[in-house]
Amino acid sequence: MSGENSSADDVQRVWDVVVVGAGPAGASAAYAAAVAGRRVLLLEKAELPRYKTCGGGIIGPSRDALPPGFELPLRDRVHAVTFSSNGRFTRTRRSKQTLFGLINRPEFDQQLVEHAQKAGAELRTGVTVQRVEQHGSSVPDRRTVAVVLQGGETVLARAVVGADGSASRIGAHVGVKLDQVDLGLEAEIPVPETVAEDWKGRVLIDWGPIPGSYGWVFPKGDTLTVGVISARGEGAATKRYLEDFIARLGLAGFEPSVSSGHLTRCRADDSPLSRGRVLVCGDAAGLLEPWTREGISFALRSGRLAGEWAVRIAEAHDAVDARRQALNYAFAVKAGLGVEMSVGKRLLAMFEKRPGLFHAALTGFRPAWRAFRDITQGSTTLGELVRSHPLAQRALGALDRGPAAAAEEPVSS
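Residues numbered from 1 in each chain as written. Predicted model: local features only at pLDDT ≥ 70, side-chain atom pairs only at ≥ 80, totals over all residues. Heavy atoms only, no water.

With an unreviewed UniProt entry as reference, the chain is termed Geranylgeranyl reductase family protein, source organism Streptomyces rameus.

Turning our eyes to something else, we now look at unusual backbone geometry. Put simply, Leu-48 and Pro-49 share a cis peptide bond, and its omega is -5°. As for its position among the elements, Pro-49 is in the loop between strand S2 (40-44) and strand S3 (57-58). One non-glycine residue with positive phi stands out, namely Phe-89, at about 50°. You can see Phe-89 is positioned in strand S6 (residues 88-94). The residue Arg-293 is not glycine, and still its phi comes out positive at about 60°. (Helix = DSSP H or I, 4+ residues; strand = E, 2+ residues; numbered from the N terminus.)

On to the state of the cysteines. Tallied over the entire structure, the rule returns zero disulfides. Cysteine Cys-54 is unpaired, with the sulfur of Cys-266 as its nearest cysteine sulfur at 15 Å. The exposure class of Cys-54 is buried, given its relative accessible area of 15%. With no disulfide partner, Cys-281 has as its closest neighbouring cysteine sulfur the one in Cys-266, 15 Å distant. (Disulfide = S-S within 2.5 Å. Buried < 20%, exposed > 50% of the residue type's maximum accessible area, 1.4 Å probe, protein only.)

With that out of the way, let us pick up the UniProt feature "domain: FAD-binding" (unreviewed entry) in the chain. The positions that UniProt labels "domain: FAD-binding" (unreviewed entry) are, in the present scheme, residues 16-297. The straight-line gap between the two end C-alpha atoms of residues 16-297 is 26 Å; of that span, 21% is helix and 38% is strand. (UniProt positions renumbered as here; feature names shortened; annotations may be inferred.)

What follows covers the pairing of strand S11 (residues 154-162). When a strand is regular, its side chains alternate between the sheet's two faces. The element S11 is extensively covered by neighbouring structure, given that eight of its nine residues are classed as buried. Note that strand S1 (residues 14-20) and S11 share six bridges and pair parallel. Bridge pairing in S11 links Val-18 to Val-160. Bridging between strand S10 (residues 145-149) and S11 involves four bridges; their strand directions are antiparallel. Across the sheet, Val-147 pairs through a bridge with Val-155, a residue of S11. As consecutive antiparallel partners, S10 and S11 are separated by four residues, and within that stretch Gly-151 has a phi angle of approximately 100°, a positive value. With three bridges joining them, S11 and strand S18 (residues 278-280) adopt parallel strand pairing. Counted as the bridge partner of Val-160 is Val-278 from S18. (Pairing = 2+ DSSP bridges.)

Relative to each other, helix H2 (residues 24-35) and helix H4 (residues 105-118) sit at 15°, their axes nearing to 8 Å. Here H2 lies roughly parallel to H4, going by the angle between them. Remark: the crossing between H2 and H4 carries left-handed chirality. Taking contact as the criterion, the partners of Pro-24, Ala-27, Ala-30, Tyr-31 and Ala-34 in H2 are, on H4, Arg-105, Phe-108, Asp-109, Leu-112, Val-113, His-115 and Ala-116. A breakdown of the residues in the contact of H2 with H4 according to their chemical character gives nine nonpolar, one polar and two charged. (Axes fitted to C-alpha atoms, helices over the stretch in contact; angles between N-to-C directions. Parallel < 35°, antiparallel > 145°, perpendicular 65-115°, else oblique. Left-handed = near helix turned anticlockwise from the far one by under 90°. Contact = heavy atoms within 4.5 Å. Nonpolar A, V, L, I, M, F, W, Y, C, P; charged D, E, K, R; others polar.)

Once that is clear, we can look at the nonpolar core. In terms of nonpolar packing, the biggest core is built from 70 residues, with Val-18, Phe-108 and Val-147 touching the most fellow members. By residue number, the principal contributor to this core is helix H8 (residues 296-315), which donates 10 residues. Leaving out residues up to four positions away in the same chain, Val-147 has contacts with Val-18, Leu-43, Val-129, Arg-131, Val-132, Glu-153, Thr-154, Val-155 and Val-160. In this structure, Val-78, Leu-102, Val-343 and Val-386 belong to the second largest nonpolar core, which totals 26 residues. (Core = buried A, V, L, I, M, F, W, Y, C linked by side-chain atoms within 4.5 Å.)

Bringing the packing of aromatic side chains into the picture now. One pass over the structure, following the stated rule, counts 14 aromatic pairs. Taking 5.6 Å as the distance between ring centres and 50° as the angle between the ring planes, the aromatic pair formed by Tyr-214 and Trp-216 counts as tilted. This pair shows no difference in class: Tyr-214 is buried, exactly as Trp-216 is. Following the ring pairs from residue to residue traces out a cluster consisting of Phe-83, Trp-207, Tyr-214, Trp-216, Trp-291, Phe-351, Phe-358, Trp-369 and Phe-372. Just above the ring of Trp-15 sits the side chain of Arg-39; from NZ or CZ to the centre is 6.0 Å. Sitting above the plane of the Trp-199 ring, Arg-202 keeps its charged end 4.3 Å from the centroid. (Phe/Tyr/Trp six-rings, centres within 6.5 Å; stacked < 30°, edge-to-face > 60°. Lys NZ or Arg CZ within 6 Å of the ring centre and 35° of its normal.)

What the rule picks out here adds up to 18 salt bridges. One salt bridge in this structure joins Arg-75 and Glu-107, with 2.6 Å as the shortest N-O distance. In this pair, Arg-75 is assigned in strand S4 (residues 74-78) and Glu-107 in helix H4, connecting sequence segments 32 residues apart. For Arg-75, a relative accessible area of 35% corresponds to the partly exposed category. The shortest N-O distance in the salt bridge between Asp-182 and Arg-293 comes to 3.1 Å. With a gap of 111 residues between them, Asp-182 in strand S12 (residues 178-190) and Arg-293 in the loop between S18 and H8 connect regions that are remote in the sequence. When salt bridges with common partners are traced through the structure, they connect Arg-50, Arg-105 and Asp-109 into a single cluster. (Salt bridge = Lys/Arg side-chain N within 4 Å of Asp/Glu carboxyl O.)

Okay, the sheet that holds strand S16 (residues 258-267) next. Ordered by their spatial adjacency, seven strands build an open sheet running S6-S5-S13-S14-S15-S12-S16, and the pairing between neighbours is mixed. Strands at the two margins of the open sheet, each flanked by one partner only, are S6 and S16. Going across the sheet, the axis of each strand differs from the next one's by a mean of 20°, ignoring polarity. Of the strands in this sheet, S12, strand S13 (202-207), strand S14 (214-220) and strand S15 (223-231) touch helix H7 (residues 235-248), which is tilted by about 150° from S15. Its contacts with the sheet place helix H11 (residues 366-377) against strand S5 (80-85), S6 and S13, and it is angled at close to 125° to S5.

So this is what it looks like as structure tokens:
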């Protein structure tokens, strides 16, 4: 905090940065701002730890975005992936090195929050944010944002980070626009040791019967996380897909400990990431990979950026400077995550039309499997892959042009 305002701020209790939501995006933002030596308040409506509908896959980009010294509470390490196409044409591919890790979200999120607290952030749970105000009677000056809590209490901040999930109130304040909404359904199924042993180190990915849908099985010790996802509006068909999927796997006889559903939302290309001194990140900003709907790495990476830029906004002495810093944040997000999202959107559009081609490529075409492996391990990203590999560019271009062009495209490596 700058010294000249510290005494006034102490009287008014103005935080440098207030972060709303203590998931991976919010905890990362709070950590980044606290490590920079700022006074940070992290607000969370639930009591921690709390359950979240999430496969819990930790790919390379997620691992690389974690705070120094963070030890992942892994339930399993994945070395093999079984692919199937609506239960048929099953094939397993293996890797000598770990492809990705599997975690339970309550433990993972709790640990992230603890790292933010160790860095100096203060946590308040059981707190619901009703709205933020940047003008009006609750705002003492133009450098301050009022965060209004349920019950009427107001918290003042120099900058606010909205990380309050896919139904974000802060996102509504910023004016986030969403152009892809999907429904994920998931069951946590405790299984006997003999069944758990069969799944150890191996996940299943099944390309589903609804355009753009897929299912997964992620093993976590004595529990299997089984889920499916497809476009919103196909609720009954998505539910039927999950039931058929579980039955086909021979798991229908086991009672799930948790059954849950969740809407994932992807931002439109022109969606804002800030308004005044308020930034959004993670699900609140609609940041996730559109094809796989992988959100943890996007939450961790955008959260860290939001925390770093919120520090600069907190230091901004006027609206022009605050606006410049907010635009820099948006640029940083779009230059990295935005590029990955645009490639993911193209992949989803093609996958909706030709899931069989994706299945054939991943199970029978070595460069496609290598790309999958490199992305999950974190040695490349979707954006980098398309930028640096002429073969990937040609394949994407051919698929963009349609099935006939893709069929003509040579598949030599």
